[in-house]
Amino acid sequence: MPHISALEGHIKDRDLLNENIDILNAAAQLAKIFNDHNHYDLSLEWYRRVLAGKKKMLGPEAPETVSIVHNIASVYTKKAQYDLAMERYTQALEAREKLLGNDHIDTLQTVHEMALVFKEQGQYKLALDWYQRALSGRKKALGVDHLDTLTTINNMGLVNHLLGNFKIAVESYEQALAGREKILGKEHPETLGTVHNLALSFSHQGQHDKALEWYNRALAGKEKSLGPNHPSVLMTVRNIAQEFNAKAEYDKALDSFQRALDGTKSSLGENHPETLSIIHDMGSLFENQGLSNVAMEYYKQVLAGREKSTNIGPEHPDTLATVNNMANIFSEQGEYDKALKYHKRALAGKEKSLGRDHHDTLVTVHNIASVYESQGRYEEGLEWFQRALDGQKSSLGIDHPHTLTTMTGMAGIFNAQGRIDVALEWYQRALTGFEKLRGREHRQTLSVIHNIASAYDIGKQYDIALKWYNEALAGQEKTLGKDHRHTMMTVFNIATLFYKQGHYEKSLQGYQRVFNTQEQSLGPDDPETLETAHCIAVVASTKGDHDMAAQWFKLALEGRQARFGDNDPSTQDTLRQFITLLRKTGHVSKAESWESRSTR
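This structure is a prediction, so every number in the text was calculated from the model and none was measured.

Colleague: For this particular structure, what's the right way to read the overall build of the chain?
Modeller: When helices and strands are counted, the chain shows 29 helices and zero strands. With the C-alpha coordinates aligned to their principal axes, the bounding extent of the chain is approximately 100 × 45 × 45 Å. Across the 600 residues in the chain, those meeting the buried criterion constitute 51%. Taking all contacts inside the chain whose residues are at least 6 apart in sequence as the whole, residues at least 24 apart take part in 54%.

Colleague: I would appreciate a short explanation of the side chain of Thr-110 in the present structure.
Modeller: Structurally, Thr-110 can be placed in helix α6 (residues 105-120). Residues within four places of Thr-110 in sequence aside, it is in contact with His-70, Tyr-89, Ala-92, Leu-93 and Arg-96.

Colleague: Looking at this structure, I do not really get the environment of Thr-574. What am I missing?
Modeller: Its place among the elements puts Thr-574 in helix α28 (residues 569-584). The class for Thr-574 is buried, based on a relative accessible area of 0%. Linking Thr-574 and Leu-555, residues 19 residues apart in sequence, is a C-alpha distance of 9.9 Å. Excluding anything up to four places from it in sequence, Thr-574 contacts His-534, Phe-553, Ala-556, Leu-557 and Arg-560.

Colleague: Just to check I follow, could you spell out the packing of aromatic side chains for this structure?
Modeller: In this description, an aromatic ring pair is defined by two values, namely the gap between the centres and the angle between the planes. With the rule as written, the count across this model stands at eleven aromatic pairs. Between Phe-515 and Trp-552, the ring centres sit 4.8 Å apart and the planes meet at 90°, which makes this aromatic pair edge-to-face. You can see Phe-515 sitting in helix α25 (residues 504-521) and its partner Trp-552 sitting in helix α27 (residues 546-564), a full 37 residues away along the chain. The class for Trp-552 is buried, based on a relative accessible area of 8%. Cluster of aromatic residues (ring-pair linked, three or more members): Phe-553, Phe-578 and Trp-594. Its guanidinium or amino end placed over the ring of Trp-46, Arg-49 lies 4.5 Å from that ring's centre, counting from NZ or CZ. Above the ring of Trp-426, the side-chain terminus of Arg-429 is found at 4.6 Å from the ring centroid.

Colleague: Looking at this structure, I do not really get helix α23 (residues 462-479). What am I missing?
Modeller: Three or four residues apart is the spacing at which side chains of an α-helix point the same way, because the helix has 3.6 residues per turn. For α23, built from 18 residues, the straight-helix expectation of 26 Å at 1.5 Å per residue is met to within 8% by its first-to-last C-alpha distance of 25 Å. Along α23, the positions that sit buried rather than exposed are Ala-465, Leu-466, Trp-468, Tyr-469, Ala-472, Leu-473, Gly-475, Gln-476 and Thr-479. Against α21 (420-438), α22 (443-458) and α24 (485-501) lie the buried residues of α23. Phi turns positive one or two residues past the end of α23, at Gly-481, with a value near 110°.

Colleague: Before we go on, may I ask you to explain the pattern of salt bridges in this structure?
Modeller: Side-chain pairs of opposite charge can arise whenever the charged atoms involved come near each other. According to the stated counting rule, one finds 35 salt bridges in the structure shown. Among the ionic pairs, Arg-377 bridges to Glu-380, the shortest N-O distance being 2.8 Å. When its relative accessible area of 32% is taken as the criterion, Arg-377 is described as partly exposed. Take Glu-380: its relative accessible area is 30%, and that puts it in the partly exposed class. Beyond isolated ion pairs, a larger network of salt bridges with shared partners links Asp-209, Lys-247, Glu-249 and Lys-252.

Colleague: When you look at helix α18 (residues 359-374) in this model, what are you seeing that I'm missing?
Modeller: Taking 1.5 Å per residue, 16 residues should reach 22 Å; α18 reaches 23 Å between its end C-alpha atoms and fits that length. All of the buried residues along α18 are His-359, Thr-361, Leu-362, Thr-364, Val-365, His-366, Asn-367, Ile-368, Ala-369, Val-371 and Tyr-372. On its buried face, α18 sits against α7 (124-141), α16 (317-332), α17 (336-353), α19 (378-395) and α20 (401-416). Immediately downstream of α18, the backbone of Gly-376 shows phi near 80°, a positive value.

Colleague: When you look at the packing of α23 against α24 in this model, what are you seeing that I'm missing?
Modeller: Between two packed helices, what matters for the description is the angle formed by their axes and the separation of those axes. Between α23 and α24, the least distance of the axes is 9 Å, while the angle of their chain directions is 155°. As far as their axial angle goes, α24 and α23 are roughly antiparallel. In this structure, the crossing between α23 and α24 has a hand that is left-handed. Residues Tyr-462, Asp-463, Ala-465, Leu-466, Tyr-469, Asn-470, Ala-472, Leu-473, Gln-476 and Glu-477 of α23 pack against His-486, Thr-487, Thr-490, Val-491, Asn-493, Ile-494, Leu-497, Phe-498, Lys-500 and Gln-501 of α24. For the contact of α23 with α24, the per-class residue count stands at ten nonpolar, seven polar and three charged.

Colleague: Looking at this structure, how should I read unusual backbone geometry?
Modeller: For residues that are not glycine, phi is negative in most cases, and the peptide bond is trans in most cases. In the Ramachandran plot, Ala-80 falls in the positive-phi region, its phi being about 65° despite a non-glycine side chain. Here Ala-80 shows up in the loop between α4 (63-78) and α5 (82-99). A relative accessible area of 7% means that Ala-80 is categorised as buried. Positive phi, normally seen in glycine, also occurs at Lys-460, with a value near 65°. Secondary-structure assignment places Lys-460 in the loop between α22 and α23.

Rules of the game
- Residues numbered from 1 in each chain as written.
- Predicted model: local features only at pLDDT ≥ 70, side-chain atom pairs only at ≥ 80, totals over all residues.
- Heavy atoms only, no water.
- Helix = DSSP H or I, 4+ residues; strand = E, 2+ residues; numbered from the N terminus.
- Buried < 20%, exposed > 50% of the residue type's maximum accessible area, 1.4 Å probe, protein only.
- Contact = heavy atoms within 4.5 Å.
- Phe/Tyr/Trp six-rings, centres within 6.5 Å; stacked < 30°, edge-to-face > 60°.
- Lys NZ or Arg CZ within 6 Å of the ring centre and 35° of its normal.
- Expected span 1.5 Å × (residues − 1).
- Salt bridge = Lys/Arg side-chain N within 4 Å of Asp/Glu carboxyl O.
- Axes fitted to C-alpha atoms, helices over the stretch in contact; angles between N-to-C directions.
- Parallel < 35°, antiparallel > 145°, perpendicular 65-115°, else oblique.
- Left-handed = near helix turned anticlockwise from the far one by under 90°.
- Nonpolar A, V, L, I, M, F, W, Y, C, P; charged D, E, K, R; others polar.

Next comes the structure, spelled out in structure tokens:
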């Protein structure tokens, strides 16, 4: 930005405190440019100098001075320093109410921006109250079809969206869209912004095809008015990629992510926050495919970039989101202590920057509970789930997806404790909520259906369990794809159920399907692949196919020895059963050979 550097150098040569108002206004414009280009610290530096000058020349309560206070608050909002933003907005609001009145358009602008801060803090009900005040004032002062009024209506849609009130959100978006199309035209960036929000609302309802229709409309309009590589265009390309990811159309998702990444790198740079966000999403894409190691490399790259960035830093919510995702992968890989370390780092940062009851903070509380559950530390898990649930009920409501997800987590602990009736009660509450919000075939609804099957399975009500498993499987194959990791988990559980019932051929068919998919997607030495190989061996041994059993025990044993070592419990379990089989079938010398190798 050479012209900005020249302007900056020109102003720096002057004493702002002693020059005329035009110099101060030029410096304010410079601060705004830095803010618009995400150079927040430079923006704050210049706004502070302008504020000092205007206080001296015009007085602390002059409208122009108060406007700079308002603008400083907006920079703090972008930096996610919400307490500082609210402090400055409160100063500006008190001054504007005193000088201009409660219904002046400048006063209402501050009210509108304060609502935005409440939204970012996760205080959605409070945000709606403040947006309603701004809306009432703007309707009165400007009219229902004024662009500022329509912006408030659009933003109220966003808050209702976050609260899970999708019907109300869509109504707000449609009202804002009609007004903006009338005033600005169908292809104006603000109009297309509302189109984008409608797409997002349909996405969160699980209506991914409808979301893609709206995103593609937004994309076509933006490409026409802004060009193919404008940041706003690439943001929509990124959203389209996210939809393909949700639909388990991973190749299409990767193509769109790559287009967004290439364009963003070229226009904004490799370490720009938007570039890092796309890389983060690509990590999520690989994680959804079960490629945890690949996903971890992407997350590490993003974490390093975000920690290093002057605009983000180690405690920014985006950085902590990456820390949280890395913790989830550690948990999936059984590295629970490392998972807790990362989750608790994320929690400390979120509590500091967002607050104890922000919805993002509570997501991390939920994740910590899940780790304790995986460790078998059920009472601790229930305590953390209860904390998450209490906060979510208060801030989001009983029927919000996050609240329902926590109910599912609590049910999982009751299930693991053998408290099947209690677990089923909680699962049913979650199922009713998700079905109402998302529909019967949404991935979250299907996950609860799978969990209900698991509860009946643990309770040895196998016929009922099979019915629920089959419903989950049919939905997952349709929604996620036949080879998706969650689909394979359901196939695995059905195979295990058939084994318990003595249907060994059906069990082997299921396990073989899972193994073939895991071998291709995860690799032959992945722990999940080796577990499936072990299960195939057990079923073959039980049904009397000893040659087949020996072949699969050997495959699982060698894989576990290479992956975990001889002393790992899973290795020892496979070895024990393999030796038992060899002795049973008269291969005593082979059994002794394996025993001697294991004790070296």
